[in-house]
Amino acid sequence: SMKSEDIEVIHIAASTIMKMQRTYENKIKEASDQYSEMPDNMARLKNYILAIQDYYIQGILNGEAASSLLEQQAELLNKYLTVLPEDKEMGILMVKNLVLQKKYTEAENAAEFIRYSYMIDIDLWELSVDVYTTTGNKKKLQEMTEEAEKFFGVWSQADKLRWIEI
C-alpha cells in the first residue's frame, strides 16, 4: 500500500506503520526499564530480548535501524547465554541473529555449539544445515552430514541431496 498512487492510501499505510513502530518501541522501552531495575534477573533479560525479536520480525524496519536492533539483540543474547548457555531457544535465536547480521563464522560456531549441547535434537542439526547452506560452507556441511549419519543412522537420499547440493 505504500507503493500506491492514492495519497490517502499512502497516508493511512504510513500512519499504521508509525503506530506499529511506536507500539513496539514502547514494548522494548518497558522491557529495557524492567531489566535495568534488576540486571541480574535473567527472566527480565529474556523478555527484553524477545521484545526486540517481536519488533524485528514485523518487517517494518530496514537498513541501519534493522541492523542496529540486531546488534542490540546480539549484545543482550551474549549476556544472557553467558549465564544460561543451556537455554536452547535463546541459542537458536542467537544463531539466527548472527546469520541475519551476516556474521557467518560466528553463526557456524554458535550452531555447532548448540548442536553439540543437544545432540539428539534433530531440529538443531537441521539448523546447522541451514547455516552451512547460507554460508556456503560445503566442507562443514559434508562433515556434519557424515557425523549425523553415524549418530542418527542413515538419512534419506532426499535429505542428503538437499544438504549436499548448496
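Residues numbered from 1 in each chain as written. Predicted model: local features only at pLDDT ≥ 70, side-chain atom pairs only at ≥ 80, totals over all residues. Heavy atoms only, no water.

## Some details on helix H5 (residues 104-117)
The following threshold applies: What counts as a helix is a DSSP run of H or I of at least four residues, what counts as a strand is a run of E of at least two, and both are numbered from the N terminus. A helix is expected to reach a length of 1.5 Å times the quantity of its residues less one. Note on exposure labels: buried denotes an accessible area under 20% of the residue type's maximum, exposed denotes more than 50%, and partly exposed covers the range between, all computed with a 1.4 Å probe on protein chains only. When we speak of the arc, we mean the arc of directions from the helix axis to the C-beta atoms.
Taking 1.5 Å per residue, 14 residues should reach 20 Å; H5 reaches 20 Å between its end C-alpha atoms and fits that length. Regarding H5, the residues found buried are Ala 107, Glu 108, Ala 110, Ala 111, Ile 114 and Arg 115. Down the axis, H5 shows its buried residues gathered within 165° of arc, on one side only.

## Structural notes on the pattern of salt bridges
Threshold: The salt bridge definition used is simple: a Lys or Arg side-chain nitrogen within 4 Å of an Asp or Glu carboxyl oxygen.
Counted under the stated rule, the structure contains 7 salt bridges. Here Lys 46 makes a salt bridge to Glu 89, at a shortest N to O gap of 3.1 Å. Taken together, the residues Lys 46 in helix H2 (residues 42-56) and Glu 89 in helix H4 (residues 88-100) connect sequence positions 43 residues apart. Accessibility expressed as a relative area gives 43% for Glu 89, which makes it partly exposed. Salt-bridge contacts for Asp 121 lead to Lys 88; the nearest nitrogen and oxygen are separated by 2.5 Å. Taken together, the residues span a long stretch of sequence, with Asp 121 in the loop between H5 and helix H6 (122-135) and Lys 88 in helix H4 at a distance of 33 residues. Exposure remark for Asp 121: the relative accessible area of 16% places this residue in the buried category. Judged by relative accessible area, Lys 88 falls into the partly exposed class, the value being 30%. Residues joined by salt bridges that share partners form a network here, namely Lys 46, Asp 87 and Glu 89.

Geometric descriptors of this kind do not, in isolation, establish any biological role.
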